[in-house]
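One-letter residues, chain by chain:
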Amino acid sequence: MLAAVFEGEGKLNLKEVPIPEIKKLDDVLLQVEAASICGTDIHILEVPPGHPANKGVILGHEYTGKILEIGDGVKDFKKGDRVVIDPNITCGSCIYCKIGLSNMCERMTTLGIFINGGFTEYNVAPAKALHKISPDVPPELAVFAEPLSCVINATQKLKVQPGESVVVLGAGPIGLLFTQMFKASGAGKIIVSEVSEYRSKYAKQSGATTVVNPLKENLEKVVKKETVIGADIVVDAVGTLFKEAMKIVRRGGHILLFGQNYKAKAEITQNDITRNELTIFGNYIANFTFPLTVKIIESKILNLEKLITHRFPLKDIHKGIEAMRKQRAIKVVLIP
């Protein structure tokens, strides 16, 4: 089968590899129906890498497929089931798993990063990583399950109320998913800050009431004009904008830090958090949010189709990667 294999130092090579076989009782063999390129994949391919990955691994952690075979110990799935995959495989026995924080698992591994993932035609995954999804959902929409499950984990912390004002910093795929979720939750004003004109138009299509280019406009003045006292909620979907978020959130408001950048070191005055009674949330991947994510995708309440800008066969994966690198794509879907 054709597979995109990470070979270190920014190298992703397309090569023929053997079709994987079920080796464990709880394994499932999947026919990959669609996969999408994540920003994490781009970071893995940087030199030096912006995210770790195992050399020799088939990349791709956002994918969906159909079950072809099941291990003898699999009870909850059958051949032919359509599924989405939670790529983060947790141990279930460490203290964090036991207290309900599986996303903090001490022994977590990840399909498509540390073990073989979905940039290929067939994949073996443990049954516990799978979630059934309706066959009526097109594969290219089902691939949103992984990133959306992470966003839903965050929005559950924020509990946006109808009419509240929110600011989303960054209109990449994650920022746009936040925008759509806030729109569906009834947010009154959704202000999106984005420097790319290309991405800005997708923010409007995703439900933003105001889109600001902070290189051309004063974001703080725009937010104060729209909200009077500042935003109820601010989300940093970039990973470097904590300081900017502090300037535009109202007293008693909430800031959610979602985007990740290991090099970012924001200079803030801690007393501003204390004096203004701010609530700061961090969010890392999904945490038991896949079942709700599947329901949301099946409900069609979000306009995920709008976020797909490119579709390629797997053999053209490098075209998709290049589009992502140049920030001339929102969601790139690969069809094996």
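Calculation criteria
Residues numbered from 1 in each chain as written. Predicted model: local features only at pLDDT ≥ 70, side-chain atom pairs only at ≥ 80, totals over all residues. Heavy atoms only, no water. Axes fitted to C-alpha atoms, helices over the stretch in contact; angles between N-to-C directions. Helix = DSSP H or I, 4+ residues; strand = E, 2+ residues; numbered from the N terminus. Parallel < 35°, antiparallel > 145°, perpendicular 65-115°, else oblique. Left-handed = near helix turned anticlockwise from the far one by under 90°. Contact = heavy atoms within 4.5 Å. Core = buried A, V, L, I, M, F, W, Y, C linked by side-chain atoms within 4.5 Å. Buried < 20%, exposed > 50% of the residue type's maximum accessible area, 1.4 Å probe, protein only. Polar contact = N/O pair within 3.5 Å; in protein donor to acceptor, adjacent residues only side chain to side chain. Pairing = 2+ DSSP bridges. Salt bridge = Lys/Arg side-chain N within 4 Å of Asp/Glu carboxyl O.

Engineer: What's the story with the packing of helix α4 (residues 145-158) against helix α5 (residues 173-185) in this structure? I'm lost.
Structural biologist: The description of two helices packed together rests on the angle between their axes and the distance between the axes. Viewed as axis vectors pointing N to C, α4 and α5 meet at an angle of 50°, and their least axial separation amounts to 10 Å. The angle between α4 and α5 falls in the class oblique. You can see that α4 and α5 cross each other, and the crossing is right-handed. Note on element contacts: α5 touches α4 through Ile174, Leu177, Phe178, Met181 and Phe182, opposite Pro147, Leu148, Val151, Ile152, Ala154, Thr155 and Leu158.

Engineer: Help me out: how do you make sense of the nonpolar core in this one?
Structural biologist: Side chains that are nonpolar tend, in soluble globular proteins, to be buried together. In terms of nonpolar packing, the biggest core is built from 47 residues, with Phe144, Leu148, Phe178 and Phe182 touching the most fellow members. Sorting elements by how many residues they give to this core places α4 first, with seven residues. Excluding anything up to four places from it in sequence, Phe144 contacts Leu177, Ile297, Leu304, Leu307, Ile308 and Lys331. Listed in part, the 40 residues of the second largest apolar core include Ala3, Val83, Leu130 and Ile317.

Engineer: Hey, could you run me through the environment of Val195 in this one?
Structural biologist: Along the chain, Val195 falls in the loop between β11 (189-193) and α6 (197-205). Its relative accessible area of 44% is what places Val195 among the partly exposed residues. In the structure, Val195 is positioned 13 residues away from Ala208 in sequence and 15 Å away in space, judged by C-alpha atoms. Here Val195 is in contact with Asn213, Pro214 and Leu215, once residues within four sequence places are set aside.

Engineer: What exactly am I supposed to notice about α6 here?
Structural biologist: Note that an α-helix has 3.6 residues per turn; residues three or four places apart therefore point the same way. Listed as buried for α6 are Tyr198, Arg199, Ser200, Tyr202 and Ala203. Taken together, the buried residues of α6 touch α5, β11, β12 (210-212) and β16 (308-313). Backbone nitrogen of Tyr198 and a side-chain oxygen of the N-cap are separated by 3.2 Å at the start of α6; the cap is Ser196. Positive backbone phi, at 120°, marks Gly207, one or two positions downstream of α6.

Engineer: Help me out: how do you make sense of the sheet that holds β12 in this one?
Structural biologist: A sheet is described by the order of its strands in space; here six strands give the open sequence β12-β11-β10-β13-β14-β15, paired in parallel fashion. The open sheet is flanked by β12 and β15 (279-282), the only strands paired with a single partner. Geometrically, the sheet is characterised by an average inter-axis angle of 15° between neighbouring strands, direction not taken into account. Bridge analysis of strand β10 (residues 165-169) against strand β13 (residues 231-236) gives four bridges, and the strand direction is parallel. In the sheet register, Val167 faces β13, and the bridge partner there is Val234. Taken strand by strand, α5 contacts β10, β11, β13 and β14 (249-257), and its axis lies near 170° from that of β10.

Engineer: Help me understand the pattern of salt bridges in this model?
Structural biologist: Any two side chains of opposite charge can pair, on the condition that their charged atoms come close. The final tally for this structure, using the stated rule, is twelve salt bridges. Here Asp232 makes a salt bridge to Arg250, at a shortest N to O gap of 2.5 Å. Of the two residues, Asp232 is situated in strand β13 and Arg250 in strand β14; the sequence distance between them amounts to 18 residues. Residue Arg250 is classed as partly exposed on the basis of its relative accessible area, which comes to 21%. Residue Lys315 pairs with Asp316 through a salt bridge whose shortest N-O separation is 3.6 Å. Judged by its relative accessible area of 54%, Lys315 is exposed.

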